[in-house]
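Residues per chain are reported as follows:
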Amino acid sequence: MISFTPWQSLMGGLLIGFSTLLMIRWLGKVTGISGIVGQVWSAAAGDRAWRLAFVAGLVLSPLVYVLARPLPMVEIQASTPWLIVAGLLVGFGSRLGSGCTSGHGVCGLSRLSPRSLVATLTFMLVAILVVWLWRHVWMIG
């Protein structure tokens with residue numbers, strides 16, 4: 001573990017938890033990224049504003065971060081076609097599972113939702129299986 005950062009991870013987790021608490025308290029909404037983004041244009045006018053603000057925050061936050069310190073170097077080892085396929089599969093999976101890891105894993109588990117527990121376990125088990133197959137069976141990467 002080259003980049004073990006327990007304090008930064010703890011602070012990030014606390015910020016995520018606090019922001020989901022605020023979202024449920026103020027708007028009565030679950031902070032599931034796929035649901036928020038997926039309904040930006042189909043939402044009622046009153047719901048559209050906060051959704052657009054949320055998406056803007058997702059896009060603008062790295063720009064604000066850069067004002068304080070440089071972005072960390074990230075090396076993506078996958079080709080563009082693989083990234084497109086992966087993105088489409090994630091989108092399809094979040095629609096099929098009625099939510100994404102943020103909706104089920106963060107918000108659903110904190111509300112003790114059995115459906116979210118099953119969804120999160122499924123996400124994790126499939127991810128573990130795919131990485132194992134990718135590295136040990138298909139010998140890619």
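Refer to the preceding data block for the structure.
Residue numbers run consecutively from 1 along every chain, following the written order of its sequence. pLDDT decides what is reported in this predicted model: residues at 70 or higher carry local features, side-chain atom pairs at 80 or more are listed and counted, and totals for whole chains, interfaces and linings draw on all residues regardless. Side-chain figures throughout are based on the complete set of non-hydrogen atoms in the structure, without hydrogens or water.

Chemist: Just to check I follow, could you spell out the layout of surface pockets for this structure?
Modeler: To locate leftover empty space, one rolls a probe as large as a water molecule over the atoms. Of the grid points, spaced at 1 Å and generated over the protein atoms alone, those admitting a 1.4 Å probe that cannot get out make up cavities, while open sets with protein on both sides within 12 Å along at least five of seven lines make up pockets; any residue with an atom within 4 Å of a point is treated as lining. Grid points are joined across faces, edges and corners, and a volume is the space filled by probe spheres set on the points. Estimated volume of the largest pocket: approximately 1,200 Å³. In terms of lining residues, the largest pocket is bounded by 28 residues, among which Ala 86, Leu 89, Val 90, Ala 127 and Val 130 are the most central. The dominant element in the lining of the largest pocket, judged by the number of residues it contributes, is helix α6 (residues 114-137), at nine residues. Each helix is a run of H or I in the DSSP string that is no shorter than four residues. Each strand is a run of E no shorter than two, and both are numbered from the N terminus.

Chemist: Help me understand the packing of helix α5 (residues 101-110) against α6 in this model?
Modeler: The relative placement of two packed helices comes down to the angle between their axes together with the axis-to-axis distance. Every angle, taken between N-to-C directions, lies between 0 and 180 degrees, and every axis is a line fitted to C-alpha atoms, over only the stretch in contact when it is a helix. Their axes nearest at 9 Å, the elements α5 and α6 cross at an angle of 130 degrees. When the axis of α5 is compared with that of α6, the two are oblique. The handedness of the crossing between α5 and α6 comes out as left-handed. Contact with α5, carried on its side by Thr 101, His 104, Gly 105, Gly 108 and Leu 109, involves Arg 115, Ser 116, Leu 117, Ala 119, Thr 120 and Phe 123 of α6 and no other residues of that element. When an angle is under 35 degrees it counts as roughly parallel; over 145 it counts as roughly antiparallel; between 65 and 115 it counts as roughly perpendicular; any other value is oblique. In this scheme, a crossing is called left-handed if the near helix is turned counterclockwise away from the far one by less than a right angle; it is called right-handed if the turn is clockwise. The contact criterion used is simple: two residues touch if any of their non-hydrogen atoms lie within 4.5 Å.

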